[in-house]
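# Summary of the model geometry
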Amino acid sequence: MNKSRKSEGVLTGGFSQVFIQKVQDAVNFEEIVSRYTSLRRRGSRLLGLCPFHAEKTPSFSVDPDRGLFYCFGCGKGGNIFTFLMEKESISFPEAVAQLAKEAGIPIPRREISSSKEQYLDELYKANEFALKLFRSYLDKGVGEKARKYLKERGLSDTTIKEFYLGYVPQRWDSLYSAVSKAGLKLDPFLKTGLLRKKESGGCYDSYRGRIMFPILNPSKRVVAFAGREFDKQEEGAKYINSPESPIYQKNRVVYGIWSTMNHIRKDKNVILVEGYTDLLALWQAGIKNVTASCGTAFTEQQANFIRRYSTDAIILFDGDEAGLNATMRTIPILLSAGINVKCLRLPPEEDPASFIANEGVEKLNGILETAPGWFELVYDMTCQKYEPTNPDDKVRIVYELTKYFTSISDNLKLRVYVHKLSSSLLLPEELIVNEIEKKKKKSISPMTIEDSQEKFAFNQQQKNELEFISLLIHENAYIKKLDLRECRVLFINYPGILINIEDLFGERGKIEFSDLSNSIIDSKVRGFITEKMFKFKNMSTDEYFKGLINKLFSLKLKREISRLTEKLRIAEKNSDNSEAAELNKQIVNLQQKRRESFNVN
């Protein structure tokens, strides 16, 4: 019994299976997946374009009854939790917690269930230790200049505390000394980039004389820092950001989301800004449905992250040329994520924070309410380069605009924009549609459904083992017909999955794919099993199962024959006739067994 509990803890990331099942039952699989791709019903399944790879013909399938998804093109597959793990690059516990929050289910305290989780927890705790230290420095006399600077930027004490701003003194060992004094391990601080090693031994602080902006995830755990230079004492870049680590991938995180996500959901709209202080200025002025990229160009992963909270966005970047260029780059990324986009261009000399300071929040709110759609901005900017009445320039305008159109997967929405461009240029819609199709063909991945046989690249033994596992999950009755302990000898690649099935079935009397999907780290293994689950659903599998056991048994005997044949070669080389005769006898017996059936009652 203890063994089963231990197994279950590892499989469920420290949550009880009852809790995980409760979350899975509470969420709408179709609604979650539809945030990333449009789905259409075909019989009992839902089909759509794969959100994991570019394709023209839908090969992505969802079985809401069994809670499975699978792409017959790229091979991604699993359940609702692994879908979010793959799409958002988050851990299983984070996926469970995210869905539980959306469903309004209280999240119980969980026990860390693996050495990997313990290691990640150490990294989080290192960041949290640094956060408390940096905040304490800001409140002390040593932080006086930093406090003065923040007040000059118009930030209140409430905003500073809400976003955990801190300060690190102009010393080489502020953090290092505190860590040493507390007797903490140095490795987590080195891994998160807070400390660096000296060539002569020991460590030194990565941040000195900077205002510290901590970056938290939606669970309010500190994943990284951005240190801002403010009084010209520290040489180098304006911002120094944490390096990537096991808990921080900068292209997948957005700033401020831990405080703003509920406001974004409530307002059903997100305002996207470029800088940390821009976000703080808007928040303080009462505009709280806002987020910002973390010191990097906006990415597809960040767009997908934002889409969890809203399908409508307003881009509010700096008004200068760099801000405009960033806006133009960001529009297709948001469109690809299925987000409706509006753009508000500020005067060239303004950024969001300065606009509020100079013009007031009421004026900003007013122009936010009337922000034009992305099409108007892109069309106007393009027409500043080309003359829309000139035939050659009309072609150039179409070329420019269709670059954005290819990012739109919703056909109805796409046709609306095609109609707008067609009307503006007095061109037939089909000409524009043809250009879109050409561009899409050039950008489509060569992966097709026909490639599915090659996408996994498993050998025959691996395929047989995974098919065997898939059939046990598909039809639990097979588990009752076999002694899984005896079946382990047939496995050489995935005996651990078989043991998990044995333990969980022994405890609960049933096993579903969702019980195992979360614990299978290798996405190709998970994808292969999911593919088989889809295929087995509409076929009679009894004879197939018997044949599969025969194959596994035959391959086991083949391995044993190969081992004995090598021993026979050595015996003959050494003229050990007695040993050679015995080995020959064993090989003949095994060859006979290979010709016999391995029956299942």
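Numbers given to residues run from 1 along each chain, matching the order in which its sequence is written. Since the coordinates come from a predicted model, pLDDT governs what is reported: local features require at least 70, and pairs of side-chain atoms require 80 or more to be given and counted, while whole-chain, interface and lining totals use all residues. Processing note: side-chain calculations cover all non-hydrogen atoms of the structure and skip hydrogens and water entirely.

## Here's the deal with the overall build of the protein chain
Comment: elements are numbered from the N terminus, with helices defined as DSSP H or I runs of at least four residues and strands as E runs of at least two. A count of helices and strands for the protein chain gives 28 helices and 16 strands. Dimensions of the protein chain, computed from the C-alpha atoms along their principal axes, are close to 95 × 75 × 50 Å. Burial classification: accessible surface area is computed with a 1.4 Å probe over protein chains only, and a residue below 20% of its type maximum counts as buried, one above 50% as exposed, and the rest as partly exposed. Within the protein chain, buried positions represent 50% of all 601 residues. For the protein chain, the share of sequence-separated contacts (at least 6 apart) that also reach a separation of at least 24 residues comes to 66%. When the accessible area of the protein chain is evaluated, it comes to approximately 29000 Å², of which 49% is carbon and sulfur surface. Taken together, the 91 basic and 79 acidic charged side chains of the protein chain have centroids lying 3 Å from each other. We call two residues contacting when some pair of their heavy atoms lies within 4.5 Å. The protein chains shown are the only cover counted for residues, whose accessible areas, like all others here, come from Shrake-Rupley with a 1.4 Å probe. The convention is simple: Lys and Arg are positive, Asp and Glu are negative, and His and the chain ends are not counted. Here the site of a charge means atom NZ of a Lys, CZ of an Arg, CG of an Asp or CD of a Glu.

## As for the pattern of salt bridges
Any Lys or Arg side-chain nitrogen located within 4 Å of an Asp or Glu carboxyl oxygen qualifies as a salt bridge. All chains considered together, the criterion is met by 30 salt bridges. With its nearest N and O atoms 3.9 Å apart, the salt bridge here joins Glu-400 to Lys-403. Of this pair, Glu-400 and Lys-403 both sit in helix α18 (residues 391–405), 3 residues apart, which is roughly one turn of that helix. We classify Glu-400 as buried; its relative accessible area is 18%. Overall, the relative accessible area of 48% leaves Lys-403 in the partly exposed class. Here Glu-531 and Lys-535 are joined by a salt bridge, their closest N and O atoms 3.8 Å apart.

## Comments concerning the packing of helix α14 (residues 321–336) against helix α17 (residues 374–385)
To define axes, lines are fitted to C-alpha atoms, for helices over the stretch in contact only, and angles between the resulting N-to-C directions are given on a 0 to 180 degree scale. Between α14 and α17, the shortest axis-to-axis distance is 11 Å and the interhelical angle comes to 135 degrees. Taken together, the axes of α14 and α17 are oblique relative to one another. Of the two elements, α14 crosses α17, and the hand of that crossing is left-handed. Together, Leu-324, Thr-327, Met-328, Ile-331 and Leu-335 of α14 and Trp-374, Leu-377, Val-378 and Met-381 of α17 make up the contact between the two elements. Note on angle classes: values under 35 degrees are labelled roughly parallel, values over 145 roughly antiparallel, values of 65 to 115 roughly perpendicular, and the remainder oblique. Each crossing is labelled by how the near helix is turned from the far one, with a counterclockwise turn of less than a right angle marking it left-handed and a clockwise turn marking it right-handed.

## Observations regarding the packing of aromatic side chains
Put simply, two rings from Phe, Tyr or Trp (the six-membered ring, in Trp's case) pair if the centres are within 6.5 Å, and we call them stacked under 30 degrees between planes, edge-to-face over 60, tilted for the rest. Scanning the entire structure with this criterion turns up 38 aromatic pairs. Grouped by ring-pair contacts, the aromatic residues Phe-163, Phe-213, Tyr-239, Tyr-255, Trp-258, Tyr-276 and Trp-283 constitute a single cluster. Put simply, a charge is over a ring when the Lys NZ or the Arg CZ is close to the ring centre, within 6 Å, and near the line of the ring normal, within 35 degrees. Note that Lys-87 overlies the ring of Phe-52, its terminal NZ or CZ placed 5.5 Å from the centroid.

Shape is all these values report; function is a separate question.
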